[in-house]
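Chain residues, written in single-letter form:
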Amino acid sequence: MRLAECVSRMSEEDIGGDTELSDSPTLPLNSILAGNCIEILKTLPDNSVDLIFADPPYNLQLSGELFRPEGSRVDAVNNAWDKFDTFAAYDHFTRLWLKEAHRVLKEDGTIWVIGSYHNIFRVGTALQDQGFWILNDIIWRKSNPMPNFKGRRFTNAHETLIWASKSDKSRYVFNYASLKTFNDDLQMRSDWLLPICSGNERLKGENGQKIHPTQKPEALLYRIILASSRPDDVILDPFFGTGTTGVIARHLRRHWIGIEQDPTYIKAAQARIDKAEVFDEALMGQASNKRKQPRVTFGCLMENGFIRPGHILYDSRRRFKAVVNVDGALQSADGRSGSIHKLGAQLQQAVSCNGWIFWHFEENNILLPLDILRQRYLAENP
């Protein structure tokens with residue numbers, strides 16, 4: 001099958017911008033490519049995509065049907081695309097698609113692969129054998145997992161994601177500051193509590209049955225794409241299904257490429273993506289990583305005249321005050337002295353203190369935090 005015959009393109013107006021922002025003018029951006037994922041991957045250029053999210057077959061090895069205690073049948077995954085004759089056959093398939101994924105990924109790109117205990121350990125070995133460098137394994141802990149009806153095992157309440165760079169030399173994207181802001185100013189951990197796809201988000205056919213048995217929740221892809229890509233990056237999903245990756249990529253103004261062989265899934269995915277909102281470009285500014293900003297010390301502010309010896313500093317409620325010495329130390333009325341951080345901690349009888357937000361200076365009868373002066377310095381000295 002020629003590439004042109006299996007590309008379903010969205011218009012530039014549909015995606016809210018130019019469809020050809022990648023390094024390669026032949027890359028089929030914002031398109032669902034219909035066909036076998038390995039064969040389609042072979043048609044894509046080397047080093048052409050920034051991020052891959054892969055939700056491959058899990059090879060669940062189900063034997064027979066599964067029933068609930070009251071006798072109703074569980075709508076489990078029994079599709080042909082999830083069935084492999086042997087572990088060797090599954091491993092061969094995995095190595096083939098990972099080989100092509102490694103080739104098309106940019107040198108500084110990363111890949112996410114999701115799986116269950118049935119397959120993720122085999123996939124992890126294949127990833128490392130192919131040359132990928134594992135960065136994290138993420139546990140998606142499901143807040144509403146399916147019960148274990150037979151009562152012979154623990155309830156399977158999580159899936160595992162492996163996040164890997166193309167090599168150990170990759171300068172990969174990780175939006176640490178954005179993830180920390182997203183998580184109420186706490187470092188994002190490697191265990192994510194998220195519900196499975198349900199309710200209005202779950203796509204269903206005219207018969208009321210779910211269209212895809214393993215549709216992933218949008219919340220999961222939102223976190224992945226926010227964490228490891230930038231606006232206008234190209235995101236590839238070689239097992240596109242009903243298009244969750246495309247929906248979130250469209251929301252966040254990333255380009256996407258999906259590969260899918262099932263016509264029913266393709267139709268549902270395209271309709272879903274066509275209706276997805278493109279968030280305003282002005283909303284794409286991500287939280288800055290302060291570690292990348294030039295370091296501004298209190299002494300630097302003194303050297304540049306933003307604060308001078310003899311200035312009086314206060315806490316926000318004027319409980320404490322201190323005078324600035326010529327060496328940058330603060331001295332309180334009771335004779336204690338130290339840096340803005342050390343003296344602040346001593347006065348509060350605390351283990352530590354962020355002096356930039358604890359100490360304030362007076363300007364036009366208003367107390368402003370010292371950090372304002374640091375920002376003014378950075379604005380004048382970019």
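The name an unreviewed UniProt entry assigns to the protein is Methyltransferase, from the organism Zymomonas mobilis subsp. mobilis.

1. Things to note about the environment of Ile-52
Its place among the elements puts Ile-52 in strand β3 (residues 49-54). For Ile-52 and Leu-236, which are 184 residues apart along the polypeptide, the C-alpha to C-alpha distance reads 4.7 Å. Apart from residues no more than four positions distant in its own chain, Ile-52 is found in contact with Ala-101, Val-104, Leu-105, Thr-110, Ile-111, Trp-112, Leu-236 and Pro-238.

2. Things to note about the pattern of salt bridges
Scanning the model with the defined rule gives 17 salt bridges in all. As a salt-bridge pair, Asp-46 and Arg-103 come within 2.6 Å of each other at their nearest N and O atoms. Of this pair, Asp-46 sits in the loop between α2 (37-41) and β3 while Arg-103 sits in helix α3 (residues 87-104), placing them 57 residues apart in sequence. For Asp-46, a relative accessible area of 49% corresponds to the partly exposed category. Under the relative-accessibility criterion, Arg-103 is labelled partly exposed at 23%. Within the structure, one salt-bridge network assembled from shared partners comprises Asp-46, Glu-100 and Arg-103.

3. Some words on the packing of helix α6 (residues 218-228) against helix α7 (residues 244-251)
As a packed pair, α6 and α7 sit with axes 9 Å apart at the nearest point and diverge in direction by 55 degrees. Accordingly, the angle class assigned to the pair α6 and α7 is oblique. Handedness of the α6/α7 crossing: right-handed. Between α6, through Glu-218, Leu-221, Tyr-222 and Ile-225, and α7, the contact on the second element is made entirely by Thr-244, Thr-245, Val-247, Ile-248, Ala-249 and His-251. When grouped by side-chain class, the residues that make up the contact of α6 with α7 number six nonpolar, three polar and one charged.

Each value, and the rule that gives it
- Residues numbered from 1 in each chain as written.
- Predicted model: local features only at pLDDT ≥ 70, side-chain atom pairs only at ≥ 80, totals over all residues.
- Heavy atoms only, no water.
- Helix = DSSP H or I, 4+ residues; strand = E, 2+ residues; numbered from the N terminus.
- Contact = heavy atoms within 4.5 Å.
- Salt bridge = Lys/Arg side-chain N within 4 Å of Asp/Glu carboxyl O.
- Buried < 20%, exposed > 50% of the residue type's maximum accessible area, 1.4 Å probe, protein only.
- Axes fitted to C-alpha atoms, helices over the stretch in contact; angles between N-to-C directions.
- Parallel < 35°, antiparallel > 145°, perpendicular 65-115°, else oblique.
- Left-handed = near helix turned anticlockwise from the far one by under 90°.
- Nonpolar A, V, L, I, M, F, W, Y, C, P; charged D, E, K, R; others polar.

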